[in-house]
Each structure stands twice: as C-alpha cells, then as structure tokens.
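Coordinate analysis (summary)
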Amino acid sequence: MPLAFYPRSIKAAALVGSGLASFARTRRSAEATILTFHGLSENTSDRGILDWSLHLQAGVFRSICAMLAKEYHVISLADLVEARTQGSGLPDNSVIITFDDGYASNYELAYPILREFGLHATIFVTTGFLDAVEMFWFQRADLALGRTRKELLDWKINGKSLRLYLGTYELRQQSLAKLLPELKELPDADLLSEVGRLENALEVTEPSFDDLPQAMRPMTWEMACEMSLSGHVDIGGHTHTHPILARCDVRAVRAEIATCRDRIHAEIGELPFAFAYPNGGSDDFTRETLMLVREAGFKAACTTISGRVDSTVPMHQLPRYGSPESVLEAKATVSGAFETLKDWRQSCRKAMSMI
Ligand SMILES: [Zn+2]
C-alpha cells in the first residue's frame, strides 16, 4: 500500500526511520514551522469529554518540547514579525509554538514545560471565554451528546438528516464527529440557537462554566498576565466569542476583532500584535477579514492551513500545522519531511504523465 494511505503516525515513523526527516531538516532549514496546540491534559482517557483532539497529553507535549529545544530553534512570533519588518533572516530550523482558545491547562501544564526548556509560545485567547461570558459552542455540543440519556437522535441540519447513535461512549464520539462539521457550516447568527435546540432535543440543560470538565476550562486573566510578564508567552487575539468569521456579517467581524484587542489591552496592558482566525481554514476567513484584522493593528495573523513559512508568505495568512500527536509526528512535521514527500510525489506524477 502506498505511504499516502497510512495514518499520519505510521507515515511519520517511516519518514523519520528512513532518514527522510533528517534530509528534509537540512534541505529546508531556511523555512520556519508554526505548530498549533490547544489544551493539554494529564488524563485523556477521561470519559467526561468526547472530543479529545483539542487536548494533547501533557507528557507528549513535554517530549516534543525536549526534542525542539535540542534540535531546533524555537523563536517567538514577534521574532518572525521583526525579521520580516527588517528584511533579515531567521535562525536555521526555526519553530514557533502557538496555542489557541485560552485553556487553563496552558498555564497549569504547558507553561511549566515551556519554562523548563526555556521556550517561547504565543497563546491566542478568545477574550469572552476568559471573561466567562460565553463558552465555546463546540464544548456545549460535546457535553450535550456526552451527557444525554437518549440513545438515538434523528437530527435535520443543512437539509440533511443525521442519525446520531448515542448508545456507547464510542458511538457518541462518532456522532459528534458527524455533527460538528455540519454546525460549522451554519451562519454564526443561527449557531447558538441550533445548539440550544440540540440541548432541548437531547433533554440536557445548557452547561454553566462550573459544569465544564477540567480540560475545557478557560485560563483566568491573572494566569495570562503572569505568563505574559514572564517573557515566555505572548498573548494574541482569537476573537471575543470564537465565531467562524466568514459566517459573520461585517459589523460582527469588526466588533469581534476590536473587542478582543481591547480586552487584551485592558487586562495585559499591551496591545496584542498577533491574531489567529477561529477554525482557520481557507473557507473560514475572507479578504475582508484580513483587511479588518490588519486595520485593527495586528501585524501578523495565523491560519490553520498546513504549510511552511518562507520569506514570501503573507504575514496575515501565516500557515500553521495542527498539533502533532507524538514526537515522531513532530519531527516529520517540523523537518519538512511531509512536504518533501508531497513534492516528490507530485514530481513523480508529472514525470509519469509525460511518458
Ligand atoms: Zn479556536
């Protein structure tokens, strides 16, 4: 079977074991890599949460940091902005660590590890989450499917009929995975009412912040301030209530960006210079969004579109890789081995088509 069809972890092991990662690390040393993490947890087998993809095992994060500290140059996003402004280069094999959303585990679990290895990170916070104004809609969906006593729900959304099986923990995970992409397609104005309708149908109440499992909880502003003052962490913006900005009207986008910037300024005492688009895929922000983020004073903005950072990448569309799930996957990612393999495959296909 071609390597392309194997899971990412197997592919990563093959790329590292074959020496391709070492080769790519040397060949692509001028490119920087930005990694995206969300929360961390010490116990990802806890069944109080269905979707653990946003909460990496703290031990895995520690191993990744140990590897990065030894083999790569971990720089800050501010270093990248400065290098671009001054037209200077970056250290070879630069890596930037980022976290999205603003979970308490960033302070409780990630911050001590960053300090241990002397590494820097940018944490993009959703300010309304830290203010305890609004939890994330995807947390509500996770808890509704996880806590209902129902074993089956037929749900109509976006003109489709979804049959959600809820008889076991694994079936609930699969049903959530089926439901989340549909919820993401809704206009933002309809999203919260749809989640409320779902809670009603599943006969669960809307959770309060006190109901959130440990891994889902927001950091406090005191935690954010302490990390910011330490010099190990920059606090960036990730909107006020985490809507997918392409699903909002322009007034809402402007307000989300400005409120987020102003809340960070008020609490941290400095204007944030970097922003991350919620969800961050190519359909999740528009040209207008980029313009509004730039106008609000942000000097850089991150997507979640996979790719390497070279001197030509636009500063308001910085590509980022998703969280590696192991040290091998981290090595295959930051070395550029995945891209090298992709490039080779494309060259082969081109060559074959000419025969
Ligand atoms: Zn987010």
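Structure's up top.
Because the structure is a prediction, the values reported are computed rather than measured. Every chain's residues receive numbers from 1 upward, in the order its sequence appears when written. Restriction of local features to residues with pLDDT of at least 70 applies here, the model being predicted, together with a cutoff of 80 or more for giving and counting side-chain atom pairs; totals for whole chains, interfaces and linings are based on all residues. As a rule here, side-chain values cover all heavy atoms of the structure and leave hydrogens and water aside.

Buried residues of nine kinds, namely Ala, Val, Leu, Ile, Met, Phe, Trp, Tyr and Cys, make up a nonpolar core once their side-chain atoms join them within 4.5 Å. Only protein chains enter the accessibility calculation, which uses a 1.4 Å probe; a residue is then buried when its area is under 20% of its type maximum, exposed when over 50%, and partly exposed in between. By size, the foremost hydrophobic cluster in this structure holds 74 residues, and its most contacted members are Phe-61, Leu-68, Ile-97 and Phe-99. Two domains each put at least three residues into this core: domain 1 (29–133 + 212–334) and domain 2 (137–206). Here a residue-residue contact requires only that any non-hydrogen atoms of the pair lie within 4.5 Å. Ignoring any residue separated from it by four or fewer positions in sequence, one finds Phe-99 in contact with Phe-37, His-38, Phe-61, Asn-106, Ala-110, Leu-114, Ala-121, Thr-122, Ile-123 and Phe-124. Membership of the second largest hydrophobic core comes to 17 residues, among which are Val-81, Phe-124, Ala-300 and Cys-302. In this document the domain limits rely on a domain assignment from an automatic tool or a database.

Glancing now at the state of the cysteines. Any two cysteine sulfur atoms lying within 2.5 Å of each other are counted as a disulfide. Under the defined criterion, the tally for this structure stands at 0 disulfides. The thiol sulfur of Cys-65 is not disulfide-bonded, and the nearest other cysteine sulfur, from Cys-302, lies at 17 Å. By relative accessible area, Cys-65 is classed as buried at 0%.

This brings us to the pattern of salt bridges. It is possible for side chains bearing opposite charge to pair when their charged atoms get close. Salt-bridge detection follows one rule: a side-chain nitrogen of Lys or Arg within 4 Å of a carboxyl oxygen of Asp or Glu. By the definition in use, this model includes 18 salt bridges. In this structure, Arg-47 engages Glu-170 in a salt bridge whose closest nitrogen and oxygen atoms are separated by 3.0 Å. Placement of Arg-47 in the loop between β2 (39–41) and β3 (55–57) and of Glu-170 in helix α8 (residues 169–185) is noted, with a sequence separation of 123 residues between them. Residue Glu-170 is classed as partly exposed on the basis of its relative accessible area of 37%. Between Asp-131 and Arg-263 there is a salt bridge; the shortest N-O distance is 2.8 Å. Of this pair, Asp-131 sits in the loop between α6 (127–130) and α7 (137–147) while Arg-263 sits in helix α11 (residues 250–268); the two residues are 132 residues apart in sequence, bridging distant segments of the chain. Judged by its relative accessible area of 26%, Asp-131 falls in the partly exposed class. A single salt-bridge network, built from bridges that share partners, covers Arg-28, Glu-31, Arg-308 and Asp-343. Segments assigned H or I by DSSP are reported as helices when at least four residues long, segments assigned E as strands when at least two residues long, and all are numbered from the N terminus.

A separate point is the packing of α7 against α8. Interaxial angle, 0 to 180 degrees, is taken between N-to-C directions of lines fitted to C-alpha atoms, where a helix line uses only the stretch in contact. One can describe the packing of α7 onto α8 by two numbers: an axis separation of 10 Å at closest approach and a directional angle of 150 degrees. The angle between the axes of α7 and α8 places the two elements in the roughly antiparallel class. Like other packed secondary-structure pairs, α7 and α8 cross with a definite hand, here right-handed. From α7, Trp-137, Phe-138, Ala-141, Asp-142, Leu-145, Gly-146 and Arg-147 reach across to α8, where they touch Arg-172, Ser-175, Leu-176, Leu-179, Leu-180, Leu-183 and Lys-184. The residue inventory of the contact of α7 with α8, partitioned by class, reads 8 nonpolar, 2 polar and 4 charged. In this scheme, roughly parallel covers angles under 35 degrees and roughly antiparallel covers those over 145, while 65 to 115 is roughly perpendicular and the rest are oblique. Left-handed describes a crossing whose near helix is turned anticlockwise from the far helix by less than a right angle; the clockwise case is right-handed. Under the scheme applied here, ten amino acids are nonpolar (Ala, Val, Leu, Ile, Met, Phe, Trp, Tyr, Cys and Pro), four are charged (Asp, Glu, Lys and Arg), and all others, including Gly, are polar.

For the rest of this paragraph, the subject is unusual backbone geometry. Although it is not a glycine, Glu-203 adopts a positive phi angle of roughly 60 degrees. Tracing the sequence through the fold places Glu-203 in the loop between α9 (188–201) and α10 (221–230). The phi dihedral of Asn-279 is positive, around 70 degrees, even though this residue is not glycine. Among the secondary structure elements, Asn-279 is positioned in the loop between β10 (274–276) and α12 (287–295). The class for Asn-279 is partly exposed, based on a relative accessible area of 31%.

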